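Analysis of the macromolecular model
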Amino acid sequence: MSMQEEQHVDVLIVGAGLSGIGAACHLQASCPGRSYLIFEGRERSGGTWDLFRYPGVRSDSDMYTLGYAFRPWTQPKSIADGHTILGYLRETAAQHGVDAKIRFNHRVLRASWSTPEACWTVDAEHGRDRQPVRLRCNFLFLCSGYYRYDAGYTPEFAGTAAYTGRIVHPQHWPEGLDVSGQRVVVIGSGATAVTLVPALAKTAAHVTLLQRSPTYVVARPAEDPIANRLRRLLPAKLAYGLTRWKNVLLSMFFFKLARSRPERVKRLILGGVRQALGPGYDVATHFTPRYKPWDQRVCVVPDGDLFAALKAGTASMVTDHVDTFTARGIRLKSGRELEADLVVTATGLELQVLGGVQLGVDGIRVDPASIFNYKGMMFSDVPNLASSFGYTNASWTLKSDLTAAYVCRLLNHMERSGWTQCTPRNTDPALKPQPWLDFTSGYVLRAMARFPKQGARSPWRAHQNYARDLLSLRFGPVDDGVMKFSRNPLNTHTA
């Protein structure tokens, strides 16, 4: 397909990862008459679960909530490894025929909305030679996640040119990298770091987790015994639904408790760490953060594998700041030097606004930082566009499932009523902008100024609450007075 061969579809989905595959399945089931395509910038489907190849890569959310609402997770492990999750995604796409709709190596650059025509013109690049591709669609559904796939975040460390070992970012893990017998330092304190350390410690001479400040870490069984028992006794879909709600309610309870009684939750978490590591371990230095639980995401370690590696002595924790790299390793602010053959910079993600797609409406470029999020998925004054963005305090898919189902409701309402355009409009000049996410993680704080804003109340508030969103998005009115609908007689396709 070239620039001269413009194609038109009702819906263009951007991204063939967890959100995009789910969105396509919802669209096929609830809007069977709609034509759609998926543009995927990479050469394979799976998104995050295909991109990340570092040792031990896994979900830190249970698969009964990270899995799709419409397709039961039937594996015994609740905290699943990356390749198993990738298999689940690709099997889902194949079973629903979604894989036939994916156009790989199609990277979307920009999209321009025309009110007279009531459609988006989408410009993309195809392949290594960046062949220009243009497509028109009535509705644009961005499902490409929230971070850059081509670059992770690495701070500027002094002295890296002098270091004679190897430096690797987990987002670009080299195929076949062997750490056997090597001294490894993992810099970071988030989910990636606590996943890497026990996995690398199985073969490395020693692994040191070097962190500037601690993170809350909670051990959780890799298998859910209640879920496995329910699956033996009940039909798969019923067992899955019961386990899903059990885990949703437990995570909501824990989050609310962390917000209302942070000191109590802190004592509970640290008590678990002390029990795992024994009374002699310096929990105050290495596992006691300065912030309250859930001000940043809590790290989950399946079967306490990180604690086991620390207790066995194959791994250790150092809480200090990097002063400079040296020829043999890293010198810390305290003066101590960590010798290392390999340094892994698990220092975070580079967040990306709206999948990196430049948006324009009727010839005027959209500044993402100046618009309000609507129901956590659409944006003020941006017509016929939705974006999938999951929860920070629960599984991503819980929100992406609700978002996809709501988009289907919206499209069907427009078809029934003959509308061709839907646009959230803010008519309240007193609506004050607040950051998109109420989160203190470094990778979030670095990027929030560039992201859309939220307001203090619905529908401009992005509630981190699945039960509340379920009621609002599945049962609340689509025509709520804020969403404005219109029809254009020039447009021959209905949205």
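Shown above is the structure to which this text applies.
Residues numbered from 1 in each chain as written. Predicted model: local features only at pLDDT ≥ 70, side-chain atom pairs only at ≥ 80, totals over all residues. Heavy atoms only, no water.

Take the pairing of strand S14 (residues 322-325) next. With three bridges connecting them, S14 and strand S15 (residues 329-332) associate as antiparallel partners. Looking at S15, one finds that Val-322 is bridged to Leu-332. The turn joining S14 and S15, which pair antiparallel and follow one another in sequence, is formed by three residues. (Pairing = 2+ DSSP bridges. Helix = DSSP H or I, 4+ residues; strand = E, 2+ residues; numbered from the N terminus.)

Here we take up the packing of aromatic side chains. Between two aromatic rings, the relevant description is the distance of the centres plus the angle of the planes. Tallying each qualifying case throughout the model produces 25 aromatic pairs. For the ring pair Tyr-163 and Phe-325, a centre distance of 5.5 Å and an interplane angle of 70° mean the geometry is edge-to-face. Note that Tyr-163 is positioned in the loop between strand S7 (147-152) and strand S8 (166-168) and Phe-325 in strand S14, a separation of 162 residues in sequence. Judged on exposure class, the residue Tyr-163 and its partner Phe-325 are both buried. An aromatic cluster is defined as three or more aromatic residues linked by ring pairs; in this entry it consists of Phe-52, Tyr-54, Tyr-146, Tyr-147, Tyr-149, Phe-379, Phe-389, Trp-396, Trp-436 and Phe-451. (Phe/Tyr/Trp six-rings, centres within 6.5 Å; stacked < 30°, edge-to-face > 60°. Buried < 20%, exposed > 50% of the residue type's maximum accessible area, 1.4 Å probe, protein only.)

As a working rule, side chains carrying opposite charge can pair if their charged atoms are close by. Taken as a whole and judged by the stated rule, the model has 27 salt bridges. Note that Arg-90 and Asp-50 form a salt bridge whose closest N and O atoms lie 3.1 Å from each other. Residue Arg-90 is located in helix H4 (residues 82-95), and its partner Asp-50 is located in helix H2 (residues 48-51); the two are separated by 40 residues in the primary sequence. Taking the relative accessible area as the measure of exposure, Asp-50 reaches 1% and is therefore buried. (Salt bridge = Lys/Arg side-chain N within 4 Å of Asp/Glu carboxyl O.)

Another point: the sheet that holds strand S10 (residues 206-211). Spatial strand order, S8-S17-S9-S10-S13: five strands in an open sheet with parallel pairing. Bordering the open sheet on either side are S8 and strand S13 (315-319), each of which pairs with just one other strand. When the angles between neighbouring strand axes are averaged without regard to direction, this sheet yields 20°. With three bridges connecting them, S8 and strand S17 (residues 342-345) associate as parallel partners. Bridge pairing links Val-168 to Val-344 in S17. Here helix H5 (residues 191-201) sits on the sheet in contact with strand S9 (183-187), S10, S13 and S17, set at roughly 165° to S10. (Axes fitted to C-alpha atoms, helices over the stretch in contact; angles between N-to-C directions. Contact = heavy atoms within 4.5 Å.)

Once that is clear, we can look at the side chain of Ser-59. Mapped onto the elements of the fold, Ser-59 is located in the loop between H2 and helix H3 (63-66). Given the relative accessible area of 2%, Ser-59 is considered buried.

Another point: the nonpolar core. Within the largest apolar cluster, 132 residues are counted, with the highest numbers of intra-cluster contacts made by Leu-12, Trp-120, Leu-140, Val-186, Phe-287, Leu-359 and Leu-410. By residue number, the principal contributor to this core is helix H11 (residues 396-417), which donates 10 residues. The residues touching Leu-140, leaving out its near neighbours within four places in the chain, are Leu-12, Val-14, Ala-111, Trp-120, Val-122, Leu-359, Asn-384, Leu-385 and Ala-386. Counting 13 residues, the second largest nonpolar core, distinct from the first, contains Val-185, Ile-187, Ile-330 and Val-343. (Core = buried A, V, L, I, M, F, W, Y, C linked by side-chain atoms within 4.5 Å.)

Once that is clear, we can look at unusual backbone geometry. A negative phi angle characterises most non-glycine residues, just as the trans form characterises most peptide bonds. Cis peptide bonds are those with omega within 30 degrees of zero, and the linkage from Ser-458 to Pro-459 qualifies with 0°. Tracing the backbone shows Pro-459 in the loop between helix H12 (442-445) and helix H13 (466-475). In the Ramachandran plot, Arg-130 falls in the positive-phi region, its phi being about 55° despite a non-glycine side chain. Structurally, Arg-130 is set in the loop between strand S5 (119-126) and strand S6 (131-142).

Before going further, it helps to spend a moment on the pairing of S9. Among the five residues that make up S9, four are buried, leaving the element largely enclosed by the rest of the structure. What joins S9 to S10 is H5, and the crossover it makes is right-handed. Looking at chain direction, S9 and S17 are connected through four bridges and run parallel. In the strand pairing of S17, Val-184 is matched with Leu-342. (Right-handed = clockwise from strand over helix to strand, strands pointing away.)

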